There are 2 protein chains.
Amino acid sequence: MKSLKVGLLGIGTVGGGTYAVLTRNQEEISRRAGCKIEIVKVADRNLELAKKLTNGQVEVTDDVMSIVTDPNVDVVVELIGGYTLAKDAILKAIEHGKHVVTANKALIATHGNEIFAAAKAKGVIVAFEAAVAGGIPIIKALREGLVANKIEWIAGIINGTTNFILTEMRDKGLAFSDVLGEAQRLGYAEADPTFDVEGIDAAHKLMIMSAIGFGIPMQFDKVYTEGITKLESKDIRYAEELGYRVKLLGMTKHSANGIEIRVHPTLIPEKRLIANVNGAMNAVVVKGDAVGPTLYYGAGAGSEPTASSVIADLVDVARMQNTSIQDRVPYLAYHDISATENTPILPISEISTAYYLRMRASDKPGVLAEVTKILGDRQISIDAMMQKEPQDGETEADIVILTHITVEKNMNAAIQAIEALPAIDGAVVKLRMEELNK
Amino acid sequence: MKSLKVGLLGIGTVGGGTYAVLTRNQEEISRRAGCKIEIVKVADRNLELAKKLTNGQVEVTDDVMSIVTDPNVDVVVELIGGYTLAKDAILKAIEHGKHVVTANKALIATHGNEIFAAAKAKGVIVAFEAAVAGGIPIIKALREGLVANKIEWIAGIINGTTNFILTEMRDKGLAFSDVLGEAQRLGYAEADPTFDVEGIDAAHKLMIMSAIGFGIPMQFDKVYTEGITKLESKDIRYAEELGYRVKLLGMTKHSANGIEIRVHPTLIPEKRLIANVNGAMNAVVVKGDAVGPTLYYGAGAGSEPTASSVIADLVDVARMQNTSIQDRVPYLAYHDISATENTPILPISEISTAYYLRMRASDKPGVLAEVTKILGDRQISIDAMMQKEPQDGETEADIVILTHITVEKNMNAAIQAIEALPAIDGAVVKLRMEELNK
């Protein structure tokens, strides 16, 4: 039986899982791949750990570059993470004619164009199923399973940390900061949680899915990113009363004027399946013109779930390595992206969506009329409205309004006018809403 | 640009959708496939329809065999359905060295072994993504996306007609027979609904998924199949009160003694995502040892959703046609199934699951003690129990019991003993339950 010789860069959480699953399921994997997938060399800063995990079965080194240049290695698996060493290693591996498998979403979303160009020039594969939504085979679904479709939009809960936090905020009525501490204690959030809670990690994954869905190059600087740190549990409660759940949603859509790519807290109708994805789980809904909506759900992170995707990529490499580049699945789904690369990415002010607004108003007659006039003047239709009674001793009450779809800059102008009303106290809270039904 | 020349057999619902989507999305599909997918010839009994739908752009014929032997055709798409002509056409196409794409679940589940053997001998591809769960790319997920995993079980709502009927029975509290009529009027059920409501269609799809998940040959005669025609809406209501939904579930599991393959009405906890798949939609949960549970959801039937999968298969054929058979994805996931083909398929009496029991009992002291003793004597633990008050003027009441997991033959023996109790009136209703959480 043929053998695919793998050099593994990094044997931490995902690397350790990859080694463990490849070893444990060796028989099934070989019988399916028609080829043995064999880790022949491992690089890690922690040599002792690498030796312990590989049990003396594999050559270990702390020199990453000795693997990417090793003539005995067919494919390099990059699980180091970050931008510098990972990028150097991948480009050097490509230069030496090696195929690459990576779980590095940040690197692909920001330096993917350069990496794919180098890989194309050398005729090697760069596979990254593990970079988006962990163990869910969403890259394969988008690039192959839905190949017949014009993709209309993709919406995903693609960060487990924030979904865990939002689930806890809802279930227990706690504030963001209280739940964050709990998430850190339980290992669902890192000591510095910025990448997750500010939506940057989700934005990386969304950029990759958008590029594949619409055949556009990576342009991470144009992704709109808003995290959950300012989200109040009061708004989660009000949304619930109106039949919605609040999720950190990555949304990319091909609309008439261009492509929207945005990550922000989003109200979703509670009857949608994706609104019921809780805890650290991930899910992605893809809307194709032929197939309609399809949904993919599973573990978005973790040692063995992510390893599951790394190994699926290795089997793809084993199968495709002997084919010409024209017979392979293209990096970003399209063989030639020049036909679409000039499609504009819309700034957030130009996107269209529905909105949830919450404001604090004097409990006096006429306030609601003033607010609704401002919206009506700007052709913003109201879908639902809810006025909360003032608490004992208070003279102000919360007003919540759900609107129909409008352009964001129009909504921002309306909000500015509402905030200028004497009866309105402080800023208007604005959250975006997606029905996800067409 | 290269071109893949397609001969289409049958231009009804799915064939018409395939033609329409290939025409409408020609540009996207070519840019992704690196090759043009071109229907060059269409066969249909209804020549007029074929001419009308193809608008004079394509040669049409009513002679299926003239396409499968045509040297100008690279791949035959079989959308005739049924066993006789479809099977003859596929075998003849293979004999003539053509690749085959089919949506024919009945044929693959019953004659797949013969078809795959013939295809292997001739070195051609037989692809059948559209045969299971319509537009959901579940075959690709199972064969490729989850290739790293030992598959532990697969559970699917894979028949839209029955899921529509069950959803209506629950929402409106109606009887099966009342809803069936409505489903027929709305086009969700056929005039002769036997294949759907008796679970046979679901059983075909489940057999195919089981073969791929566990690397076993087709053995449809060993699939246990129980439909929804005898299901009473009372049991749907009681299940609901206990926190469960009733779904027609296809369940295949690799347990210690062998493989279970069974289709039957099943109680599923309402908090599972799959319990909330309603109407005519389909969903499949796959449990892999590395990835954990993943779920795939979408339209399980219909013209363009099914066409989406047919075309995905055509693109795969375009990509794989120049590779050796060893570099292709194997028909049933494994290159060599001899290592697993002797794994026994368990008869229904040997499967293990939890149960819902409903019985009608005299409203007298001591009855419950007698029933629980019978269960206890057979080591069947009770998970929950519910006794309904007798209606006005009645002397009997419904007792509902949820049990922990036991072997079916043990449960059957207990039921026989319960039915023999003088205080129990009539047969005990038995439904199977699956927690789907590990």
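The structure presented is a predicted model; accordingly, all values stated were derived computationally and were not measured.

## With respect to the overall build of chain A
Counting its regular elements, chain A contains 15 helices and 17 strands. A compact globule built from 438 residues should have a C-alpha radius of gyration of about 22 Å, and chain A, at 24 Å, falls within 12% of that. Projected onto its principal axes, the C-alpha coordinates of chain A cover approximately 80 × 50 × 35 Å. The contacts of chain A with a sequence gap of at least 6 include a subset with a gap of at least 24, amounting to 73%.

## Notes on the pattern of salt bridges
It is possible for side chains bearing opposite charge to pair when their charged atoms get close. Scanning all chains against the criterion turns up 64 salt bridges over all chains. With a shortest N-O distance of 3.3 Å, Asp-70 of chain B and Lys-41 of chain B are connected by a salt bridge. Of this pair, Asp-70 of chain B sits in the loop between helix H4 (64-68) and strand E4 (75-78) while Lys-41 of chain B sits in strand E2 (residues 36-43), placing them 29 residues apart in sequence. Neither Asp-70 of chain B nor Lys-41 of chain B differs from the other in exposure class; each is buried. Here Arg-432 of chain B and Glu-408 of chain B are joined by a salt bridge, their closest N and O atoms 2.7 Å apart. Remark: Glu-408 of chain B occurs in helix H15 (residues 408-419) and Arg-432 of chain B occurs in strand E17 (residues 424-433); sequence separation between them is 24 residues. Taking relative accessible area as the criterion, Arg-432 of chain B reaches 2% and is therefore assigned buried. Taken together, the shared-partner salt bridges connect Lys-140, Glu-144 and Asp-316 of chain A together with Lys-140, Glu-144 and Asp-316 of chain B into one network.

## Observations regarding the nonpolar core
In terms of nonpolar packing, the biggest core is built from 173 residues, with Ile-138, Ile-165 and Ile-208 of chain A together with Ile-138, Ile-165 and Ile-208 of chain B touching the most fellow members. The contacts of Ile-165 of chain B, once residues within four sequence positions are left out, are Phe-176, Val-179, Leu-180, Ala-183, Val-197 and Ile-228 of chain B.

## Observations concerning the sheet that holds strand E2 (residues 36-43) of chain A
Within a sheet, adjacent strands bond to each other through the backbone by hydrogen bonds, running parallel or antiparallel. All names here are of chain A. Read across the sheet, six strands follow the order E3-E2-E1-E4-E5-E6 without closing on themselves; strand pairing throughout is parallel. The sheet is open, and its two edges are formed by strand E3 (59-61) and strand E6 (126-127), each paired on a single side. Lying on the sheet, helix H13 (residues 303-320) is in contact with strand E1 (3-9), E2, strand E4 (75-78), strand E5 (99-102) and E6; it crosses E5 at an angle near 165 degrees.

## Concerning the UniProt feature "binding site: NADPH" (unreviewed entry) in chain A
Residue and element names in this part refer to chain A. UniProt annotation of "binding site: NADPH" (unreviewed entry) refers to Lys-105 when read in the numbering used here. Following the sequence through the fold, Lys-105 ends up in helix H6 (residues 105-122). Non-local contacts of Lys-105, meaning those with residues more than four positions away in its chain, are made with Ala-131, Asp-201, His-204, Lys-205 and Ile-208.

## A few points about the packing of helix H2 (residues 26-33) of chain A against H13 of chain A
Residues and elements named next belong to chain A. As a packed pair, H2 and H13 sit with axes 10 Å apart at the nearest point and diverge in direction by 35 degrees. Considering only the axes of H2 and H13, their crossing is right-handed. Together, Ile-29, Arg-32 and Ala-33 of H2 and Ile-311, Val-315 and Arg-319 of H13 make up the contact between the two elements. Partitioning the contact of H2 with H13 into residue classes produces four nonpolar, no polar and two charged.

## Some details on the UniProt feature "binding site: L-homoserine" (unreviewed entry) in chain A
Residues and elements named next belong to chain A. Those places that UniProt annotates as "binding site: L-homoserine" (unreviewed entry) correspond, in this numbering, to Glu-190. Inspection of the secondary structure puts Glu-190 in the loop between helix H9 (176-186) and helix H10 (194-197). Among the residues examined, Glu-190 registers a relative accessible area of 54% and is labelled exposed. Once residues lying within four places of it in the same chain are set aside, the contact partners of Glu-190 are Gln-184 and Asp-196.

## Thoughts on the relation of the copies chain A and chain B
Expressed as a screw transformation, the operator carrying chain A onto chain B has a rotation angle of 180 degrees and an axial translation of 0.0 Å, and the superposed copies differ by an RMSD of 0.0 Å. The superposition operator between the copies reduces to a two-fold rotation axis. Of every C-alpha in chain A, the one belonging to Tyr-296 of chain A sits nearest the axis of rotation, 2.4 Å from it. Looking at the interface residues of chain A, 100% of them are also at the interface in chain B, so both copies use one shared face.

## Quick notes on H9 of chain A
All names here are of chain A. Turning to H9, its buried residues are Phe-176, Val-179, Leu-180, Glu-182 and Ala-183. Taken end-on, H9 shows its buried residues confined to a sector of 165 degrees, consistent with a single buried face. Residues of H9 that are exposed and angled more than 90 degrees away from the buried face: Ser-177 and Arg-185. Looking at the buried positions of H9, the neighbouring elements they touch are helix H8 (160-172) and H10. Once H9 finishes, Gly-187 follows within two positions and takes phi at roughly 85 degrees, a positive value.

## Describing the packing of aromatic side chains
This structure, assessed with the given rule, holds seven aromatic pairs over all chains. Where Phe-116 of chain A meets Phe-128 of chain A, the ring centres are 5.6 Å apart and the plane angle is 40 degrees; that geometry is what we call tilted. One end of the pair, Phe-116 of chain A, is in helix H6; the other, Phe-128 of chain A, is in the loop between E6 and helix H7 (138-145), with twelve residues separating them in the sequence. Exposure remark for Phe-128 of chain A: the relative accessible area of 1% places this residue in the buried category. If you follow Arg-143 of chain B out to its NZ or CZ, it ends over the ring of Phe-128 of chain B, 5.5 Å from the centre.

## Here's the deal with the interface of chain A and chain B
Between chain A and chain B, the contact holds 62 residues from the first and 62 residues from the second. Carbon and sulfur atoms make up 53% of the surface buried where chain A meets chain B, a total of about 5,100 Å² over both sides. By the criterion of area lost to chain B, the three top residues of chain A are Arg-31, Arg-32 and Arg-319 of chain A, representing 17% of everything that side buries. Scanning the region where chain A abuts chain B turns up six salt bridges.

## Some remarks on the domain arrangement of chain A
Residue and element names in this part refer to chain A. Entries for chain A in the domain assignment read domain 1 (3-135 + 303-327), domain 2 (144-299) and domain 3 (350-433). Computed over C-alpha atoms only, the centres of domain 1 and domain 2 are separated by 28 Å. In this assembly, 17 residues from domain 1 lie in contact with 14 residues from domain 2. With both chains or domains summed, domain 1 and domain 2 bury close to 1,200 Å², and 71% of this area falls on carbon and sulfur atoms. Our count for the domain 1 to domain 2 interface comes out at zero salt bridges.

## Things to note about the pairing of strand E7 (residues 151-157) of chain A
Residue and element names in this part refer to chain A. Burial of E7 is extensive: six of the seven residues sit out of reach of the surface. Both E7 and strand E11 (residues 281-288) contribute to a ladder of six bridges, which runs antiparallel. Residue pairing in the sheet places Ile-154 in a bridge with Val-286 of E11. As paired strands, E7 and strand E9 (residues 244-255) are joined by four bridges and run antiparallel to one another. What sits directly across from Ile-154, in E9, is Thr-252.

## Here's the deal with the sheet that holds E2 of chain B
Residues and elements named next belong to chain B. The sheet built from six strands is open, its strands ordered E3-E2-E1-E4-E5-E6 with parallel pairing. Looking along the sheet, the strands with just one partner apiece sit at the ends: strand E3 (59-61) and strand E6 (126-127). In the sheet, strand E1 (residues 3-9) pairs with E2 via seven bridges, with the strands oriented parallel. Note on E2: the bridge partner recorded for Val-6 is Ile-39. On top of the sheet, helix H13 (residues 303-320) reaches E1, E2, E4, strand E5 (99-102) and E6; it is set at about 165 degrees to E5, its chief contact.

## Considering helix H7 (residues 138-145) of chain B
Here H7 of chain B lies mainly inside the structure; eight of its eight residues are buried. Among all positions of H7 of chain B, only Ile-138, Ile-139, Lys-140, Ala-141, Leu-142, Arg-143, Glu-144 and Gly-145 of chain B are buried.

## Some words on unusual backbone geometry
Backbone geometry places Asn-55 of chain A, a non-glycine residue, at a positive phi of 55 degrees. Within the fold, Asn-55 of chain A resides in the loop between helix H3 (47-54) and E3. In the Ramachandran plot, Gln-379 of chain B falls in the positive-phi region, its phi being about 60 degrees despite a non-glycine side chain. Along the chain, Gln-379 of chain B turns up in the loop between helix H14 (367-377) and strand E14 (382-387). Taking the relative accessible area as the measure of exposure, Gln-379 of chain B reaches 65% and is therefore exposed.

## Focus on the environment of Ala-183 of chain B
Residues and elements named next belong to chain B. Relative to the assigned elements, Ala-183 resides in helix H9 (residues 176-186). The buried category is assigned to Ala-183, whose relative accessible area is 0%. Sequence separation between Ala-183 and Gly-288 is 105 residues; the distance between their C-alpha atoms is 35 Å. Those residues within four positions of Ala-183 in sequence are excluded, and the remaining contacts are Phe-164, Ile-165, Tyr-188 and Ala-189.

Reading the values: the criteria
Residues numbered from 1 in each chain as written. Chains lettered and ligands numbered in written order. Predicted model: local features only at pLDDT ≥ 70, side-chain atom pairs only at ≥ 80, totals over all residues. Heavy atoms only, no water. Helix = DSSP H or I, 4+ residues; strand = E, 2+ residues; numbered from the N terminus. Rg over C-alpha atoms; globule rule 2.2 N^0.38 Å. Contact = heavy atoms within 4.5 Å. Salt bridge = Lys/Arg side-chain N within 4 Å of Asp/Glu carboxyl O. Buried < 20%, exposed > 50% of the residue type's maximum accessible area, 1.4 Å probe, protein only. Core = buried A, V, L, I, M, F, W, Y, C linked by side-chain atoms within 4.5 Å. Pairing = 2+ DSSP bridges. Axes fitted to C-alpha atoms, helices over the stretch in contact; angles between N-to-C directions. UniProt positions renumbered as here; feature names shortened; annotations may be inferred. Left-handed = near helix turned anticlockwise from the far one by under 90°. Nonpolar A, V, L, I, M, F, W, Y, C, P; charged D, E, K, R; others polar. Least-squares fit on C-alpha atoms with pLDDT ≥ 70 in both. Arc of directions from axis to C-beta. Phe/Tyr/Trp six-rings, centres within 6.5 Å; stacked < 30°, edge-to-face > 60°. Lys NZ or Arg CZ within 6 Å of the ring centre and 35° of its normal. Buried area = accessible area lost by both parts, 1.4 Å probe. Domains from an automatic or database assignment.

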